[in-house]
Each structure stands twice: as structure tokens, then as C-alpha cells.
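These are the residues of each chain, in order.
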Amino acid sequence: MPIVGGLDIHRKQITFDYLDTVTGQVCRGQISPADREHLRAWLARFADCEDAAFAVEGCTGWRYVAEELAAAGVAAHLAEPADTAFARGRKRHAKTDKTDCRHLRQLLAEGRLPECWIPPSRILECRALLETYHDLRAEHTAWVQRIHAVLFHQGAPALGEGTLRTEQGLAALRAAAAAHLSPAGQLQVTTALDMTDMLETRLHELRHQLLDAARHLTGAKVLAARLYGVGPVTALAMTCWLAGEGRFSSSRQAVRFAGLDVTVYSSDRKGPPGRLSRQGPPVLRWAVYEAGKTHARSSAPDHGYYAQVKDRCNGKRAALSEARKILRQAFHILAELGDDALSAA
């Protein structure tokens with residue numbers, strides 16, 4: 001390829017380093033500010049170049065950079081951050097934006113760049129919706145926990161589980177707050193209830209969008225139909241993060257990608273072994289764990305195994321074991337579908 005380079009993305013600027021393999025000239029500099037307009041203007045210099053390629057590290061901001069590179073006819077290569085840092089070896093000099101760019105360019109030129117899959121724009125949009133839905137769910141849970149914490153802190157009677165889901169329960173909460181809480185405590189509860197109402201409205205809207213997206217994605221429809229406990233949202237999450245021709249060579253890699261593999265002893269880590277790695281997308285991990293919990297039902301096809309693990313360990317360990325099974329099964333189903341899993345249904 002005549003032009004090969006690397007781009008280091010930051011909020012204020014994009015640092016570039018590229019080599020013209022025909023003339024041997026190396027160009028370095030910065031694109032500032034870092035936005036679509038200025039990047040598009042800078043890429044205009046490669047309009048007459050038939051073969052140009054740039055490596056971009058898979059950090060925040062890579063999406064618009066990859067999209068602008070593709071629009072300009074430049075090949076975009078997304079580098080996996082951890083493996084890219086490992087390929088650098090022992091640090092001998094200070095790490096700077098210039099050295100990061102040069103490192104990406106050298107890896108790409110030598111064919112040693114640890115690449116990530118660049119999903120289609122439709123899948124990126126679904127991922128963004130799923131991440132927003134997950135964040136709002138977590139925030140809703142935090143506000144509910146805050147209500148219970150305020151009641152306990154001021155000695156009010158404890159509320160039963162699921163109290164906030166019914167009108168009768170909300171009325172009991174307001175009565176308890178008026179009778180047992182201080183003015184500041186009552187304000188805390190009122191504020192928390194207002195926030196949960198707002199979040200529930202937004203969650204309802206988002207869920208409808210996710211269900212519509214899952215209905216129109218082949219992989220999500222197949223997973224929801226063939227896997228017990230996997231609903232449209234979970235199926236959509238697994239399709240968005242696991243689908244794609246040849247992305248994983250084995251189901252074990254898919255489990256490791258989701259962060260559900262168990263860590264082992266390593267001399268370069270301070271954490272104890274036997275814990276979940278928790279690497280990869282939190283949304284995917286949350287979705288398959290919720291699906292794994294459905295095997296606690298006596299009607300579930302794998303309830304016997306779930307009950308066995310629960311008796312030997314606990315319910316959480318059993319749900320994690322089921323979540324790993326679901327991921328492995330989803331991997332094989334999506335591998336059969338190939339790129340068709342990402343097509344419109």
C-alpha cells in the first residue's frame with residue numbers, strides 16, 4: 001500500500017504519522033480540533049491516492065474517525081488497545097502521542113496489527129441504544145436503593161420487595177415517609193420518586209425501540225426463537241457483540257470476550273484468582289446473566305443443572321454457569337448464520 005499510517009485520537013487533537021512507501025517520506029502532525037469537519041478536510045489530501053490505510057486504536061472517538069476514513073476511500077484498521085500495548089514490549093522511552101502513532105503505523109506496515117471488527121453503522125446504533133438502556137436501568141436501581149437507604153437511616157419501617165411497582169406500594173411509601181422521616185428525608189424520597197418516574201418513561205420508549213430493532217435483525221430473531229430464557233433485548237445484545245463471519249475461533253473466546261471467564265493466577269496482577277475477569281461489554285454480560293437466571297424456573301430445560309450448582313455453591317454461581325452455556329450456544333448459532341446474522345429480517 002503506497003500510504004500507511006497511524007492516528008492517535010484525543011479529545012482536543014488527532015495526531016497522525018504516515019509513510020509514503022513509494023518516496024519513503026514520513027509526515028507527522030496534528031489535526032485540531034478533533035471533529036468530523038477538520039478530519040474530512042485533512043483527508044482530502046488522499047483523494048488521488050488509490051491505496052491508503054490508517055490504523056486507529058479502539059478507544060473513544062474511533063467511530064467517527066473510521067467513518068470519515070471510509071468515506072474518503074481510505075482503509076480503516078481498528079486496533080485492539082490491550083494487544084497493541086502488549087506489542088510495544090517493555091517501555092524504554094516516554095510514551096507520547098507521536099510514539100503511539102508511529103507504533104500503530106509500524107504494526108500495520110508489518111502486518112502485526114491486532115485488529116478489531118468494525119461493525120456496520122446499523123449495529124453501532126443498536127449498541128448505543130443497548131448501552132443507554134443498561135445505563136438507565138442501573139440508574140433506576142440506584143434511586144430505588146437510595147429510597148430504601150433513607151428509610152433505614154431514619155428508622156422507618158422496611159418496605160417489602162417490589163413495593164415501588166404498584167400504586168398501593170407507592171401510597172404506603174409516601175405515608176411512611178410523612179410519618180417517620182424528617183423534612184430533608186421526605187425531600188430525598190420525593191426527589192427519588194420523581195427521578196424513577198422519569199427514568200421509567202425513558203426506559204419504556206427505549207425498550208420499544210430495542211424490540212423493533214430485534215424484530216428486524218436476523219440473528220436476534222433466531223437466537224430468541226432457539227434459546228430458552230433469551231428475549232429480544234438479550235438476543236439483540238448477543239447479535240450486536242458476537243455476530244460476524246469468523247470473529248471468534250471458539251466458544252471459549254466468546255465467553256472470554258464477554259468477561260465471564262474465571263481468572264487464574266498471574267504474577268503481574270494484584271487481584272486474587274478465581275474471579276470473573278469482567279472485561280468486554282458490560283451490557284452483554286448483564287444481558288446473558290439475566291437470561292441465565294431464568295433457568296431457576298422448574299420448567300426450564302436445564303433446571304436440573306441449575307439446581308445442582310445452586311445446592312453446591314449458590315444461585316449466583318448457577319446463573320453464571322447458565323450464562324456461559326447460553327453464550328456458547330449463541331456462538332455456534334451465529335457462526336452457522338455467518339454475516340447473514342447481521343442482515344435485515
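See the structure above.
In this text the structure is predicted, and so the values were computed from the model without any measurement.

**Focus on unusual backbone geometry**
With the exception of glycine, most residues fall at negative phi, and the peptide bonds are largely trans.
Here is step 1 of the chain: Pro33 follows Ser32 through a cis peptide bond whose omega is -5 degrees.
Here is step 2 of the chain: As for its position among the elements, Pro33 is in the loop between strand S3 (26–31) and helix H1 (36–43).

**What about the environment of Thr84?**
Here is step 1 of the chain: By the element assignment, Thr84 lies in helix H3 (residues 81–88).
Here is step 2 of the chain: Taking C-alpha positions, Thr84 is 53 Å from Gly155, a pair spaced 71 residues apart along the chain.
Here is step 3 of the chain: Not counting residues within four places of it along the chain, the set of residues in contact with Thr84 comprises Ala79, His103, Leu104, Leu107 and Pro114.

**What to know about the pairing of strand S1 (residues 3–9)**
Regular strands place side chains that alternate from one sheet face to the opposite one.
Here is step 1 of the chain: Counted residue by residue, S1 has 7 buried out of 7 residues, so it is predominantly covered.
Here is step 2 of the chain: Alternating positions in S1 separate into two faces, Ile3, Gly5, Leu7 and Ile9 on one and Val4, Gly6 and Asp8 on the other, with burial throughout.
Here is step 3 of the chain: Pairing geometry for S1 and strand S2 (residues 14–20), over 7 bridges, is antiparallel. Directly across from Asp8, in S2, lies its bridge partner Thr15.
Here is step 4 of the chain: Between the antiparallel neighbours S1 and S2 lie 4 residues.
Here is step 5 of the chain: As judged from the 5 bridges shared by S1 and strand S4 (residues 52–57), these two strands associate in the parallel manner.

**Some thoughts on the layout of surface pockets**
Here is step 1 of the chain: If you add up the space inside the largest pocket, you get close to 1100 Å³.
Here is step 2 of the chain: Lining the largest pocket we find 30 residues, and of these Glu80, Cys116, Arg247, Phe257 and Pro281 sit closest to its centre.
Here is step 3 of the chain: Elements supplying a minimum of two residues to the lining of the largest pocket: helix H2 (62–71), H3, strand S6 (115–116), helix H5 (121–153), helix H10 (251–258) and helix H11 (282–293).
Here is step 4 of the chain: It is H5 that contributes the most residues to the lining of the largest pocket, 4 residues altogether.
Here is step 5 of the chain: Counted by class, the lining of the largest pocket contains 17 nonpolar, 5 polar and 8 charged residues.
Here is step 6 of the chain: A volume near 600 Å³ is recorded for the second largest pocket.
Here is step 7 of the chain: In terms of lining, the second largest pocket is formed by 20 residues, of which the most central are His134, Trp286, Tyr289, Glu290 and Lys293.
Here is step 8 of the chain: The set of elements that each furnish at least two residues to the lining of the second largest pocket consists of H5, helix H7 (183–215), H11 and helix H13 (315–337).
Here is step 9 of the chain: No other element matches H11, which puts 6 residues into the lining of the second largest pocket.

Definitions and limits used
Residues numbered from 1 in each chain as written. Predicted model: local features only at pLDDT ≥ 70, side-chain atom pairs only at ≥ 80, totals over all residues. Heavy atoms only, no water. Helix = DSSP H or I, 4+ residues; strand = E, 2+ residues; numbered from the N terminus. Contact = heavy atoms within 4.5 Å. Buried < 20%, exposed > 50% of the residue type's maximum accessible area, 1.4 Å probe, protein only. Pairing = 2+ DSSP bridges. 1 Å grid on protein atoms, 1.4 Å probe; cavity = no way out; pocket = protein on both sides within 12 Å on 5 of 7 lines; lining within 4 Å. Points joined across faces, edges and corners; volume = space filled by probe spheres on them. Nonpolar A, V, L, I, M, F, W, Y, C, P; charged D, E, K, R; others polar.

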